[in-house]
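Structural overview
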Amino acid sequence: MMIQRVPVATFAFVGTLFVSTACVGQELVYRLDPELGTTYAGTTTTETRTRTQMQGMDIEVSMTMRMDHDVVFEAGSDDTVVGRYKTTSVSAEMGGMPGLDQAPFDLNDLYQGMVGVTFTMVMTRGGELVEFDGLEAMMEAMLDRLEAPDELRVMMGQFLEGNFGEDQIKQMTGQSGLSLPDRPVAVGDTWTDSVSALGIDIETTYTLTNRSDGLASIDATATVSGAEDAGFEFPGLPSMPGLEMRYENLSGSIAGSYELDESTGLTSAYSMNMTMDTDMVMEMPQVEGQPAGASSMSISTSMETSVEGTLGKAE
């Protein structure tokens, strides 16, 4: 789950709030309008704690990651905005992972491969992501830090292709966990959004809670559940008749808050807390002579994640 959390936390910008002259009272309309050519600086801190029960073992792993990035916006075609994000620094700490001290690489050194890599996102003025580029370059840069063999590069490419389709990337990164309403809204109004990725469904309700001093506040609450086809893939694992990997009993919740700068449409501050519990089941082909169920393995996982971030003009 580490890979998909990075973009979600990093790319936090959404549409600007303007008073709509066509609407009644204090209803608002979203529009993305950052200062073009100006460098903005952002910081994201993600803390994750995972508890896993597997084959009679209890494993608790914690990870803290801080990422700093710069972004410059430019005008695109058809009234779109192009954002070019560059990671400027990364630090990561992990504890509890069995055998981590024996790994042939340093975790922080691995993540340094992200520094200097640029992500490009093209968004409409309404906040919809229409193009995304840079994830594969980031993975290549990280693998270069490991001097990874070609076989591992192929495996990671298969993982990205199998688990991160274009639609999923747009959903996860383009809206930064915040979906914009397609209608004017007033303080107290709510709207909903649905996202499906990696076999997980997220149903979110947003509420515009306040508007003061050029800032708009939005709260979000969400339920997390397993998708109907909640299967998953391991990178590079060859196809095998009868092999099935899936989530079972997946449930969770998300609570988030966002502070939007009305003059630019950027998320100046945000926070999110997520909890999720699931069983990951792997069923191997039945072997003759083995009792039923002997080829099945279940891993119970409980995860807590918190994300905080800011974005503003670079000093």
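Residues numbered from 1 in each chain as written. Predicted model: local features only at pLDDT ≥ 70, side-chain atom pairs only at ≥ 80, totals over all residues. Heavy atoms only, no water.

**Topic: the overall build of the chain**
- Within the chain, the regular secondary structure consists of five helices and 13 strands.
- For the chain, restricting intrachain contacts to residue pairs at least 6 apart in sequence, the fraction spanning at least 24 positions comes to 63%.
- For the chain, the accessible surface area stands at approximately 15,900 Å², while carbon and sulfur atoms represent 49% of it. (Helix = DSSP H or I, 4+ residues; strand = E, 2+ residues; numbered from the N terminus. Contact = heavy atoms within 4.5 Å. Areas by Shrake-Rupley, 256 points an atom, 1.4 Å probe, with all protein chains shown as cover.)

**Overview of the nonpolar core**
- Counting residues in each nonpolar core, the largest one holds 26 residues, and the members touching the most others are Met 65, Phe 73, Tyr 111, Met 114, Met 138 and Met 142.
- Mapped by element, the contributors of at least two residues to this core are strand S4 (57–75), strand S5 (80–95), helix H2 (107–111), strand S6 (118–124) and helix H3 (135–146).
- The next biggest cluster of nonpolar side chains, apart from the first, holds 23 residues, and it includes Ala 216, Ile 254, Leu 260 and Met 303. (Core = buried A, V, L, I, M, F, W, Y, C linked by side-chain atoms within 4.5 Å. Buried < 20%, exposed > 50% of the residue type's maximum accessible area, 1.4 Å probe, protein only.)

**Observations regarding the side chain of Thr 87**
- By the secondary structure assignment, Thr 87 is in strand S5.
- Under the relative-accessibility criterion, Thr 87 is labelled buried at 4%.
- Beyond its immediate sequence surroundings of up to four residues, Thr 87 is in contact with Met 67, Asp 68, His 69, Met 114, Val 115, Gly 116 and Val 117.

**Details of unusual backbone geometry**
- Look at Asp 78: it is not a glycine, yet its phi comes out positive at around 55°.
- Tracing the backbone shows Asp 78 in the loop between S4 and S5.

**Observations regarding the pairing of strand S7 (residues 129–133)**
- Here four bridges tie S6 to S7, and the two strands are oriented antiparallel to one another. Of the residues in S7, the one forming a bridge with Met 121 is Phe 132.
- The hairpin turn running from S6 into S7, its antiparallel successor, is four residues long, and Gly 127 in that turn takes a positive phi close to 95°. (Pairing = 2+ DSSP bridges.)

**Observations regarding the environment of Arg 51**
- Structurally, the position occupied by Arg 51 is in strand S3 (residues 39–54).
- Given a relative accessible area of 33%, Arg 51 falls into the partly exposed group.
- Apart from the residues within four sequence positions on either side, Arg 51 is in contact with Ile 59, Glu 60, Ser 300, Thr 301, Ser 302 and Glu 304.

**Quick look at the packing of aromatic side chains**
- Within the structure shown, the criterion is met by four aromatic pairs.
- Geometrically, the ring pair formed by Phe 73 and Tyr 85 is edge-to-face, given 6.4 Å between the ring centres and 85° between the ring planes. Placement of the pair is Phe 73 in strand S4 and Tyr 85 in strand S5, with a sequence separation of 12 residues. Comparing Phe 73 with Tyr 85 shows no difference in burial state: the two are buried.
- Arranged with centres 5.8 Å apart and planes meeting at 35°, the rings of Phe 119 and Phe 132 form a pair that is tilted. Remark: Phe 132 occurs in strand S7 and Phe 119 occurs in strand S6; sequence separation between them is 13 residues.
- Grouping aromatic residues by their ring pairs yields a cluster made of Tyr 40, Phe 73 and Tyr 85. (Phe/Tyr/Trp six-rings, centres within 6.5 Å; stacked < 30°, edge-to-face > 60°.)

Read these as spatial facts, not as claims about activity.
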